[in-house]
Structure formats: C-alpha cells, structure tokens
Amino acid sequence: MGTTYIGQPVLRNEDERLLTGQALFTDDVHLPGMLHVAFVRGEHAHGRILKVDASAARSRPGVIAVFTAEDLGSYWQPGPLLVPPPPIERLTFHQRTQVPLAKDKLRHYGEAVAAIVAESRYLAEDAIADVIVEVDPLDAVVDMEKALEPGAPLIHEGLSSNLAAHVIQEKGDYHSVFPGADVVIKKRLLYDRGTAAAMENRGVVAQWDAAGQQLTVWDTTQAPIPIRNGLARMLGLSESQVRVVAPFIGGGFGPKIMMFYPEEVLIPWIAMQLKRPVKWIEDRWENFFATTQERGQIHEAEIALTADGHILGVKDVFVHDTGAYDPYGLTVPINSQCTLLGPYNVPNYYSEFKAVFTNKPIVTPYRGAGRQHGVFVMERLLDFAAKELNIDRAEIRRRNYLSPGDFPHNHQIIYQDFAPLVYDSGNYAPALDKAMEMIGYEKFITEEQPRLRAEGKQAGIGIVSYVEGTGIGPYEGARVTVEASGKVCLATGVGTQGQGHFTAFAQVVAEQLGVEVKDVRVVTGDTREFNWGTGTFASRGAVVAGNACHAAARMVRNKILKLAGEILQASEEELILEGGRVYLRNAPQKAITLGDLAARANPLRGAVKPGSEPGLEATAYFGPERGCTASGVHALILEVDPLTMMVEIQRYVVVHDCGRVINPMILEGQIQGGVAQGIGNAFYEQLVFAPNGQLLNASFMDYLLPTASEVPNIENAHIETPSPLNPLGVKGAGEAGAIPTGALFAQAIENALREYDLEICEIPLSPNRLFDLLGERVKQNIEISISHE
Amino acid sequence: MKIEGEFTFQGARERVWELLQDPEVLAQTLPGTEKLEKTGEDQYESAMRVQVGPVNGVFSCKVALKDKQPPERYTMLVDSKGAQGFANGAVQVELIAAESNATLMKYQAELQVGGRLAGVGQRLLDTVGRSMTRQALEGLNRALQARISGDSPAAPAYTAPTQEEFARAVAKDVFRESFRSRPVIWIAAAAVIVLFLAWIILSTIN
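Keep in mind that what you see is a predicted model, and the values were worked out from it rather than measured.

Undergrad: An account of the packing of aromatic side chains is requested, with residue identities and associated values reported.
TA: Residue and element names in this part refer to chain A. A full pass over the atoms with the stated rule returns 21 aromatic pairs over all chains. Taken together, a centroid distance of 5.1 Å and an interplanar angle of 75° make the contact between Y109 and F289 edge-to-face. Linking Y109 in the loop between β5 (105-106) and β6 (112-118) with F289 in helix α6 (residues 284-290), this pair joins segments that are 180 residues apart in sequence. Neither residue differs from the other here; Y109 and F289 are each classed as buried. Chaining the aromatic ring pairs together yields one cluster made of Y344, Y401, F407 and Y428. Sitting over the face of the ring of F384, K187 holds its NZ or CZ atom 5.0 Å from the ring centroid. Over the ring of Y366 we find R295, and its NZ or CZ is 4.1 Å from the ring centre.

Undergrad: Give a description of the interface of chain A and chain B that names residues and reports values.
TA: Taken together, the 15 residues of chain A in the interface contact 16 residues of chain B. Between the two partners, chain A and chain B, sit one salt bridge. Among the salt bridges present, the one from D702(A) reaches R123(B), with a minimum N-O distance of 2.5 Å. The interface formed by chain A and chain B contains six residue pairs in polar contact (both at pLDDT 80 or more).

Undergrad: Tell me what's going on with the domain arrangement of chain A, and back it up with residues and numbers.
TA: Residue and element names in this part refer to chain A. On domain assignment, one finds that chain A holds domain 1 (15-21 + 473-622) and domain 2 (297-472 + 625-788). Of note, the centres of domain 1 and domain 2, computed from C-alpha atoms alone, are 40 Å apart. For the pair domain 1 and domain 2, the summed buried area comes to about 1400 Å², and 62% of that belongs to carbon and sulfur atoms. Three residues, A538, S539 and V543, lead the burial of domain 1 against domain 2; their summed loss comes to 34% of the area buried on that side. The interface formed by domain 1 and domain 2 contains zero salt bridges. Here domain 1 and domain 2 share 10 residue pairs in polar contact (both at pLDDT 80 or more) between them. In terms of residue count, helix α13 (residues 541-568) provides more of the side of domain 1 that touches domain 2 than any other element does, six residues in total.

Undergrad: How would you summarise the sheet that holds strand β6 (residues 85-97) of chain B if you had to cite specific residues and measurements?
TA: Residues and elements named next belong to chain B. With respect to topology, seven strands assemble into an open sheet ordered β1-β7-β6-β5-β4-β3-β2, the strand pairing being antiparallel. Edge positions in the sheet fall to β1 (2-9) and β2 (33-40), since each of these pairs with one other strand and no more. Neighbouring strand axes in the sheet, compared pairwise and without regard to direction, differ in orientation by 25° on average. Bridge count for strand β3 (residues 43-52) against strand β4 (residues 55-69) is 10 bridges, and the pairing is antiparallel. Of the residues in β4, the one forming a bridge with Y44 is V63. Running over the sheet, helix α1 (residues 13-20) touches β1, β4, β5 (73-82), β6 and β7 (103-114) and is turned about 160° from β6.

Undergrad: Summarise the pattern of salt bridges; cite the residues concerned and give the values.
TA: Residue and element names in this part refer to chain A. Counted according to the given criterion, the structure contains 52 salt bridges over all chains. Among the ionic pairs, K387 bridges to D757, the shortest N-O distance being 3.1 Å. Note that K387 is positioned in helix α8 (residues 371-389) and D757 in the loop between α16 (741-752) and β30 (762-763), a separation of 370 residues in sequence. Assessed through its relative accessible area of 43%, K387 is described here as partly exposed. Using a relative accessible area of 34% as the deciding quantity, one classes D757 as partly exposed. Put simply, R41, R121, E125, R202, E263, E282 and E286 are held in one network by salt bridges that share partners.

Undergrad: Lay out the packing of helix α7 (residues 331-339) of chain A against α8(A) in plain terms, naming residues and giving numbers.
TA: Any two packed helices are characterised by how steeply their axes cross, that is the angle between the axes, and by the distance between the axes. Residues and elements named next belong to chain A. Axis separation between α7 and α8 bottoms out at 7 Å; the angle between their running directions is 30°. Between α7 and α8, the angle is such that the two are roughly parallel. In the crossing of α7 with α8, the sense of the turn from one axis to the other is right-handed. Two secondary-structure elements touch here, α7 through N335, S336 and T339 and α8 through R371, H373, G374 and V375. For the contact of α7 with α8, a count of residues per class yields one nonpolar, five polar and one charged.

Undergrad: Help me get a handle on α1(B), residues and values and all.
TA: Along α1(B), the positions that sit buried rather than exposed are R13(B), V16(B), W17(B), L19(B) and L20(B). An end-on view of α1(B) places all buried positions within 160° of arc, on one side of the element.

Undergrad: I'd like to hear about the sheet that holds strand β2 (residues 47-53) of chain A, residue by residue, with values.
TA: All names here are of chain A. Strand order in the open sheet made by the three strands is β5-β2-β7, with antiparallel pairing throughout. Looking at strand neighbours, the two that pair on one side only are β5 and β7 (132-137), the edges of this open sheet. Relative to β5, β2 runs antiparallel, the two being bridged by two bridges. In the strand pairing of β5, R48 is matched with K105.

Calculation rules
- Residues numbered from 1 in each chain as written.
- Chains lettered and ligands numbered in written order.
- Predicted model: local features only at pLDDT ≥ 70, side-chain atom pairs only at ≥ 80, totals over all residues.
- Heavy atoms only, no water.
- Phe/Tyr/Trp six-rings, centres within 6.5 Å; stacked < 30°, edge-to-face > 60°.
- Helix = DSSP H or I, 4+ residues; strand = E, 2+ residues; numbered from the N terminus.
- Buried < 20%, exposed > 50% of the residue type's maximum accessible area, 1.4 Å probe, protein only.
- Lys NZ or Arg CZ within 6 Å of the ring centre and 35° of its normal.
- Contact = heavy atoms within 4.5 Å.
- Salt bridge = Lys/Arg side-chain N within 4 Å of Asp/Glu carboxyl O.
- Polar contact = N/O pair within 3.5 Å; in protein donor to acceptor, adjacent residues only side chain to side chain.
- Domains from an automatic or database assignment.
- Buried area = accessible area lost by both parts, 1.4 Å probe.
- Pairing = 2+ DSSP bridges.
- Axes fitted to C-alpha atoms, helices over the stretch in contact; angles between N-to-C directions.
- Parallel < 35°, antiparallel > 145°, perpendicular 65-115°, else oblique.
- Left-handed = near helix turned anticlockwise from the far one by under 90°.
- Nonpolar A, V, L, I, M, F, W, Y, C, P; charged D, E, K, R; others polar.
- Arc of directions from axis to C-beta.

Right under this line is the structure:
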C-alpha cells in the first residue's frame, strides 16, 4: 500500500512552540495567590523518627502552614500498588509502598518528613532549618546481597526479612542440558544504579476552585488519567471534579510513570486545605533521591552450549534491588528475566530472582526497565562462549538466532503484561548483516585494527543484539474530529514527554483523512480532553495510542465518504479523499471540502437521522492482546587511551527493527537519545552510596552525564518487520537505544585491550574502574605465568 | 569520614592542655566559629560556619568531653547539625610530651557526615576537613605562643584569622591536594583560566 505521510520524515509540528519558548511546562504555571512548598527531608537513610517539631517554622514570617505526617490525619496512607505481580506460580511478593510523609521511620535518604508552605519558595526553604527532626539512626542496608543475610537490619518491621519478592520461571529443563553440553560457562555479572536525569525535574501545581468545586492539577506525570482517577478517590471527589494536565514535559524516561509520589499526593491536598493554588518544583538535588531510580542487580549466570556454539540452556539467579519500597511491583526484574532470552533460541531456561528492600531510593522503570540487565547477561555469556569456543562474536549470535519461520515464538514464561512471552515477528540475521556491513566488521578486524594497533592505538570493535518487548496493553483511545474549518482535532489520553506525538499521531490521522499533517491539531495529556487511558510507558505510545488514532481516523474517514457520497450522489468507490476535499475520481470538479462536510454533518436546521450522529467525529480504542517484540543490532568502534583509560567512540551503528516506521526522523532521534543515555550508563554515570546509605554524588558536579563531546552521531538503518498484532504493523522504539549499550561497551573495550585478556562483568565502567580492572587482570596474568614456569 | 594526624605544639604539655580547655581561645582559633560557650562541666555549644564547595551554612555543635586524663588524653563527642546536614562522631586526642619542651598531639576523628553537606560536597569534604584541622591547630599553636610569650611583658597579642583568610587557606589546600594527586586537574584549571582570559580580552575588543 502506498502511503502519503506514514514513513516520511515529516518535520515536527510541536517544534515551533518548543523552540520559541511558547510551550507550557509545569513550572510555567503562575496563578494569582499561589503558594510554594519546600520539603523537609530526612538526612538518614535508616532511622527511627523520635520527634518532628515544626513550631518554630510555623511562626516564621511568610510561612503559611507546615504539615507533618501527624497533620495529615486519615489522608496519610501508603501509596497504591501500581502493578500487581504477574500470575506466576509459587510467586512471593511483599507489598510495601511509599508514604506521603515519613511517620515513624526513615527508610531512604531524603525521604520527605514535612511540607512547608510559604509565600515564596525562598521563605519555604529558609524555614526548613526551623523544623527539628530528631532521629535515632539505625544501621542501613545498602548492599543488596547482605540485605538477605540473617541479622541484617529490617527495613520493614512487619516482614521477617528484607525479601520483597521471590520468583522462579522455567522453560524446558535446564538440568537436562548437561549430557550434551560441550562447554558450560558461569559468571557473576553486576549492574549498578543510575538516574534518568531528565532535563526537567518533577513538579506539581494544584488549584482548588471552591466555588466551582473543581480541582485542577498540572503534573509532570507520564500518566495523567490514572493520576486523575487516583486523586479523585483519595480526595473524595468525583473524577469529573478533577482535571489533571500533563503539559509539555522535559523528558520522562520512566521515573515519571511512577505514580502517587508523596509530593504528587500532597500538593493537591494542601491546595484544598488552604484554598489557594500551591506549587512545588523539584530541584536537582531532590531529583537525585526523591525521584525513582534503577538498575541495581547481581546475576549468577550460566550458559551451556555445544562445541559449535549452539545454546542448550541458560540458568540465571539474580538479586534485584527494589529500594526502600516496591510500588511498581515486579516490572523491572520480570523484564530482566524475559529480555535475557534475546533474539535467540534458548530451549531450556531457569531463571530465579529475589527482589530485596534496601535503604536506597525507590526503584521503578527507567528507560530499558530491567531489559539492560537481561541483555547484558546474555550478551556477555555469548561473548565468553565465543572466546572459549573460538567462534567469531557475530557468528555465535547468528547461529542462535530464531529464524523467520519460528514466529510467533512462545518462550513459555510470563511477561510484564501478564501474557505469555510470545514474540510476534522478527527477522534478525538481516539486521546483523546490515550492521556488519555498515561498520565494516570484517575489514576492521583484518585490516584496520592491526594497522591501528601497530600505531600503538588500542582500538576495539563490538557487536551485540537484543530484543525489546514493547507496545503492551491494556489499551489507549483517541478521538478524531473534523472541524468546520476543515482542520482536524485529535485527542488522546497519553501524555507526551518529547516523543513527537504531535507529529507521529497527526501523520497517522492525516494518512486516513487526506489532510496536511500540520492541519491535525493534537491534544495529549489533558484529562478534560480525553477521559480514558493508561499512560506513556513501555515503548507503547506509537503502538497502542497510534493504532487507536488510526482506528478513530478510519471511522471518521468512513463518515466522510458516506456523507460525501450522499451529497455528490456517488458511490463511495467513486470518491477520492485528498487535499482536504472529496471529489469524484472521474470528475474532479465535482468536489466538496472537508470543512463543508463538517458543517453539513452538524446542521442548525433539518434533522440528524435517528441512528446516526452529528459531526464528523469518532472515538476508538485499541488494546493489543499482548506486546510486540522489537529488535536490533548495535555495533561500535572505540579507542581506549592506554594512559588515561578514557574511551573515545569512533563509530556507532544501530540497525533497528520496530516494524513499520511512522516517522524515521523521530525514530532516529529516539535512538540517538537512547544511545546517549546508554553511553552514560555504560561509562560515566553511577550513583554512589556510603555504607550508611548516604548518597554521595547528588549533583551534576559529581554525577557525570555524557555531553555532546562523548556522544557521537549514530549511524542508523531500519529493517521493517511488521507486527501482526496491530493494523499499523508498528512496534515500540522508545527504550531501544539505551538497552544494549552496556553490553556493547564491555565487548568493545575487551576487544580493544585484548592482550590483557580482560573480562568485564560489570556496568557502569569509568576510567578509574577500568584502570583498576586492568590492574587486577595484569596481576592475575603475572601470577598465572609465574605458576606456569 | 576519618581524619587522623599529628601536630607538634611548641610548648609544655600542661600549657597545651590548658589551652584546649579554654572556650575563649577555642572560639578564636577554630575556623568559622561564630560563637562558643561553655554550658556545663566539659560541655560546650558553638555555632560554626562551614563551607564545603557549594554547600555553605551555619552548624550548631554540641561538644562533650569525656574520658579526660589530664594532661594526656580526652575524647570529644561531637554532635552538629544545620540546614545543610549533620556531622557527628568522636574525636580522640592524645598529648605526648616531646623533647625540648614541645608537645606532640595525635588525633583521630571518626565522623558520620550526612545531608547536603555529604551529598553535594562529598568530593571536597576530606580536603576541607583536613584543611580546617590544620588551620585550627596552627591557630592554636600561635595562640599558645602568644600566651607563653605573654609571660614576658612585651607580648604580641594573638589575632584570629578573618573569614576571608580562612577561606583562602582552604582554597589553597584544596588546590595543593588536587595538584599533588592529579596533574590533569591542574592542567584543566590552567586551560579554563586561559580560556576565560581570552574570552575577556575578546569581549573587550568587540
């Protein structure tokens, strides 16, 4: 099918507003009489609160009110469990969700203890020192393995240990592999914490209109509709009394899909208590611990293969650090468990994890959401196997790929959407070929690398594959309206954080309605505009909301053709809808514009026939039966400076398959951004906690984000294997760029330093860490050579 | 945070001991001290202004002396907090009579530091801590000299360093430590200064 807009690199509708400073962000909301909130935050990661005395703060001039946990009365409730555990047999899960203000105990550094409301943020911040918080410090649980040791300090007293969950998923019988296995490789692999560091921190503004009995909340959330529903329930209001607006958001990356953060629950309540608008904007320091984080896991993994490199089975037992609370259920570790299988045929799989509570900030999905860990484990195991079996790294992957005839492929375990992990479609070898060709894999190894090494340059190449489960349900909706101006309005419930929804969704609708993309006005993230939906997460916007837009536009298209047929006295087959009008194929002068049709469909006199509706409007929903699986190959050439251990990326190639592409320019932007975060995660960023749980690098002076000089321009290519699970044939792409980067770095660095026979089993790295690893390895190598002599 | 070290005072052990128990002298010599009072036997309360990198604030400190064995040793229990965080723990001080009427002090501090002070100022915390200790001890030694020579009529009076002098000394220590451990930083700093000068020159030309 030929397309007009889908698949085209259409310039983004939203950029003019964003680039000229016209877009509304939460902090741009200024209301008359608005008050400002600052939070008093606990300074111990673990401790018993003995006393909170806010009397001095309350009497400070400019302070309107101070609220402690006691002052919240019955509004003080632990947050809801956002994602219950999937239906997996023999599963253990202990629900402990965050509280609006710490009452008896502090469980992670920076937990909010009191909210100070003042005439300005300055005055509120000044009053923080007036609040006396007496704490009896307790030993902190920082190391996730020690968290489970007998005698470890208990974070939640009601539980018998710090175990948050225990899950086992199995496919086939891993133990059956040993008779046929020629090689078994066991490794301990570590992944540590980072923060999403969105450009815009979180923020909430709430306004209670007592006369109209309406609450309006502007919130940097990825899920405005669930927030609206939850706030209404908590505040005893009807859902129709609450409007949540998620305006433009400077990056979500997952931590903003975490819902009912303490501040998010408190600001609307305070606005209702004080009957004045209230604003809180998170500062960067707070963002380092009050916003959720991710990535702490330790895997003990094992792979069994035949001598020719075919995988017989994988066993993986890991510990997952869920932080002080677990409001997001098991999404992250389940993703690790399921993504580990990658694009490979793994006949036998045993995966077991324990999620543990620690005295660290809460863990919820952050771009990749556990998938990094799974990919890191599998790709590293394959690399070690390739070395052991003397098979080329790309070749061992190719030998294990599922082939196009294997789809749909059932992995026989349960995914994060509660459905069996079934890959819908895929075609992996062409992506590998393409990536190898683009980066010049063979030539680099046979010609360039020897030449560079002769010049004393430590250059290395890496190539890894991955899959990403995307586009999960339950559903999204969209409403498409043709207005009398001939322009189209599209409303959907998902919020937008920079993904280009104003363009991609408009392209989908414009394709059906034959209008210009810029003539489709898109409204997202405002509960007054669309009443139903879940949110923007799990790389699902284009898949789920995109297909809802498509379905609604199809329905409107049919209405247009029906009405035009009646007016032009022609059958629908004779009509062409394009350029904002409908005309007869054989007599193009017989035409009617969309604007005229919209006016005719909504008459002021006459009658709209029974059984029909006024206007050219339709609302549709889309809910896929399960997620669709995107995939890709990343390849990298880098150079390691032997003196400083700094890494310089020479080339970075991504060949990505997310099904049918709606807008390749937006897609490439998503990949570029994802890879940038992946590079940060692989080599620059790491949150460092002291043994007492104190976060030691809570600023951008000490937490190193990659900048334009560390992130190269990504060379992209796309393979399009459509998904059979949705009419557009699309798959998600939001997280892909960030997923395999750690594994890729590890492989390429090993290759660059191959004379040291280095084994990298951890991410993040850094020049310091690499230097230490190399030092340890050199020492081991010397010991080995001495013992051989 | 651990700080340990030694310092030699030019004076007899009893004189050093006396000095260390005198709140007035301590208030004058401990850097950043805005107020220091004796609130009871071996109990002191003070307000100190501390700046560690971008973190700057007043800390109220309670100090209790215990296990006193004059003039040999004592332990200070420190409990300080402010809007920017907290520091508490124990400091062990030992005085050893040395040759030619000097006194060797050995000190060992083990402090828990938390809050913004630790979260944001971490990178500079050790250096600033050591610098503050060094300055405090040098100040005490100068006060000791002033006191000893005060026994004779033409005694120079001791004056405490100003805030500015103190801050400059910290900056110097930070710079010295960075230079010693990592020449790269020194080069980077030089490059930044050169660029900054170039920028000023260019902007004046334009």
